[in-house]
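Residue-level structure breakdown
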2 protein chains.
Amino acid sequence: MSTITTEQMRFWSPEVRELEPYVPGEQPKIQNLLKLNTNENPYPPSPKVVEAVQAVLANSADVLRLYPDPDASALKQAIAKQQHVDVSHVFVGNGSDEVLAHIFKAFFVQELPILYPDITYSFYPVYSQFFGVKTKVLPLNDDFEIVVDDYKQPNGGIIITNPNAPTSIALGLSAIEEVLQANPDSVVVIDEAYVDFGAESAVALVEKYDNLVVCQTTSKSRSLAGLRVGFAIAQPHLIAALEAVKNSFNSYPIDRFAIAAAVASFEDQEYFEAQNEKVIASREKLVAQLTELGFKVLPSSANFIFASLSSKDAAELAAELRERGIIVRYFNKPRINQFLRITIGTDEQNQRLVDTLKNDILA
Amino acid sequence: MSTITTEQMRFWSPEVRELEPYVPGEQPKIQNLLKLNTNENPYPPSPKVVEAVQAVLANSADVLRLYPDPDASALKQAIAKQQHVDVSHVFVGNGSDEVLAHIFKAFFVQELPILYPDITYSFYPVYSQFFGVKTKVLPLNDDFEIVVDDYKQPNGGIIITNPNAPTSIALGLSAIEEVLQANPDSVVVIDEAYVDFGAESAVALVEKYDNLVVCQTTSKSRSLAGLRVGFAIAQPHLIAALEAVKNSFNSYPIDRFAIAAAVASFEDQEYFEAQNEKVIASREKLVAQLTELGFKVLPSSANFIFASLSSKDAAELAAELRERGIIVRYFNKPRINQFLRITIGTDEQNQRLVDTLKNDILA
């Protein structure tokens, strides 16, 4: 944006001139790259997803020209069934990033600041700036864990990623209940993008707490990052706020293909469970191998690990991996600039990473 | 939302408690209904669209699990080529509703109010409330035309739908140039959702005016309402503001199916032109028939008409059509509560409307 003159800037809304947008993980268009940088699933989605889209296409002359259901009722029903909640407890959006944006607007524009950890999803400060949400950032402890007692101070809302990213560390449900109970007048959002890889979901607490919003995505555990479908689970008085925001922004955020494909994914529980087990098994194997190579790996409940090597600078290591066709995510930020976030691939892909480290970079 | 208690409302952001969301046209799930209420195209999209989605599916194991290109470069390139502009002049979003939302945030959050007509797309006041945009609403004249001189007063931006909705009346490019020239320090947005059905596009003016943003959609003339792809054309210093907003809200708003399908549509210029000609021909025929039945029909450059009948209350007429399986759009609003907005269907569908009126309701 360096080419925009001050004169041209007069057209921008003043508050937009100050924005510092989110920078997503790189999506390189190079062939044969091993992409372990954006926490995508190494496996394809359920074959039923493809069948569902085929069915839309078979009927395409009649349906593509028509708006989708603005309420995406079929999708809400499929999610409700899979999550064992009533459909009135479900909100859907164009990826969990859009769901989170609506959450910030719906609940967090308050007099008091919202609370979140210093090391967490880097979109939270961006949403906060975008919607004028005040923030108070609370440091994780030296083991990169959330200090539950810190979340018992006056606030305008709380958002916790669980398992946290990029640390991969999960918080137990009892700790989450402690936060919920200490904040009866604030909305507590648990962002569970990675929950299906081994953490406990707070969806089980939704009936009990009228201040809880749980957010999930189909991009990771359902292998549908290409589709853009996220959702939130909460009691109806909170869902209503999200619907009011959504319908003041975009009536039809989820297209017909995405609705059909996501419904098929939620209906195939068996595939979902089998696939998650495979990723978890691969993770455990990779953690063991990296530990053997001298890495310190934080305890992961996600489809990625957060690892550091005392003998080698992390930025350098990332660059050397990249030269060898392997991309991992490096954050040049305080406290975590000696860590790499590495997505769990297939066993073969993980082995390529281990071999490259063992036989080449660290040899 | 009547079931939400004041106590539960404490969780909502105060500004969200006041929102009055947009209400989209009804999407009934009843069979055999003739749906002339949401300005969808009666014809399917280009067959190339289906082929493009088949190609994504053929490769689905490899691609659905991966995030789409956050920049949707392939789509921007296809639009740039079809619109004869450089790719740096193109912004894309999840339907033109999302593009418009980003436009309001990017340009219209100013000290002065934005200007728009009293009768126009009813989402504009909703976006304004959502983003805290001040507004000054200017009445159309008695013939439902925009009074260009009204748009020469101090303002924080201008948005004009062209052709206007629900009036269907187009504004000429010379009038638009007059507005652009009178407002060198404001962004002027021309919302061209219906432009391909007979109005002149202001895209031709983009190189000449550094304050012009043109917004279009694939939902009407490209028969892709089911897909959710909209776009804006403007000079790069304005596109940059839209990208800053978009990347502060949702990095990946357009999924892989939508990108592939929309690209195929923009590449099939021949189908596009032939289809638009068919809709225009059907419109002229329908206007003649309704005029013969005593309707007053405003001059339409869109894929819908705005019509009134002095002998019959419009709300009643809409209700009687509905009883007979034909849905049109009725707005219970000052000045236009004796009009019906009727989408142009196929010749057969339009004939069913005419016959129902002639042989039944008005017989």
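Before any of the text, the structure's been laid out above.
Keep in mind that what you see is a predicted model, and the values were worked out from it rather than measured.

1. Describing the sheet that holds strand E10 (residues 304-308) of chain B
All names here are of chain B. With mixed pairing, the 5 strands of this open sheet are ordered in space as E1-E11-E12-E10-E9. Bordering the open sheet on either side are strand E1 (34-36) and strand E9 (296-297), each of which pairs with just one other strand. Pairing geometry for strand E11 (residues 326-330) and strand E12 (residues 340-343), over 2 bridges, is antiparallel. Counterpart to Arg-329 in the pairing with E12 is Arg-341.

2. Details of the relation of the copies chain B and chain A
Superposing chain B onto chain A requires a rotation of 180° together with a translation of 0.0 Å along the rotation axis, leaving an RMSD of 0.0 Å. Both copies are brought into coincidence by an operation consistent with a two-fold rotation axis. Within chain B, the C-alpha atom positioned nearest to the axis of rotation is that of Phe257(B), 3.5 Å from it. Most of the interface of chain B is mirrored in chain A: 100% of its interface residues are interface residues there too.

3. Thoughts on the sheet that holds strand E12 (residues 340-343) of chain A
Residue and element names in this part refer to chain A. Strand order across the open sheet formed by 3 strands is E9-E10-E12, with antiparallel pairing between neighbours. Each edge of the open sheet carries a strand with a single partner, namely strand E9 (296-297) and E12. Taken together, the 2 bridges between E9 and strand E10 (residues 304-308) define a ladder with antiparallel strand orientation. Within the sheet, the bridge partner assigned to Lys-296 lies in E10 and is Ser-308. Sheet strands touched by helix H11 (residues 269-292): E9, E10 and E12. Its angle to E10, the strand with the most contacts, is close to 5°.

4. Topic: the pattern of salt bridges
A complete count under the given rule lists 28 salt bridges over all chains for this structure. One salt bridge connects Arg283(B) with Glu284(B), and the closest N-O pair in it is separated by 2.9 Å. Look at Arg283(B) and you get buried, because its relative accessible area is 4%. Taking relative accessible area as the criterion, Glu284(B) reaches 44% and is therefore assigned partly exposed. Three or more residues are tied together by salt bridges with common partners; here these are Glu7(A), Arg10(A) and Asp185(B).

About the cut-offs
- Numbers given for residues are sequential positions, taken from 1 along each chain in its written order.
- The lettering of chains begins at A and the numbering of ligands begins at 1, in the order of writing.
- Local features in a predicted model are, by the rule used here, given only for residues with pLDDT of at least 70; side-chain atom pairs are given and counted only at 80 or more, and totals for whole chains, interfaces and linings are based on all residues.
- Computation of side-chain values: all heavy atoms of the structure, hydrogens and water removed.
- For two strands to be treated as a pair, DSSP must find at least two bridges joining them.
- A run of DSSP states H or I qualifies as a helix once it reaches four residues; a run of E qualifies as a strand once it reaches two. Both are numbered from the N-terminal end.
- Here the copies are superposed with least squares, the fitted atoms being C-alpha atoms of residues at a pLDDT of at least 70 in both.
- Note on contacts: a residue pair qualifies if any of its non-hydrogen atoms lie within 4.5 Å across the two residues.
- Fitted lines through C-alpha atoms serve as axes, helices being fitted only where they are in contact, and the angles separating the N-to-C directions of these axes extend from 0 to 180 degrees.
- The term salt bridge refers to a side-chain nitrogen of Lys or Arg lying within 4 Å of a carboxyl oxygen of Asp or Glu.
- For every residue, the accessible area (1.4 Å probe, protein chains only) is compared with the maximum for its type, and the residue is labelled buried under 20%, exposed over 50%, or partly exposed between those bounds.

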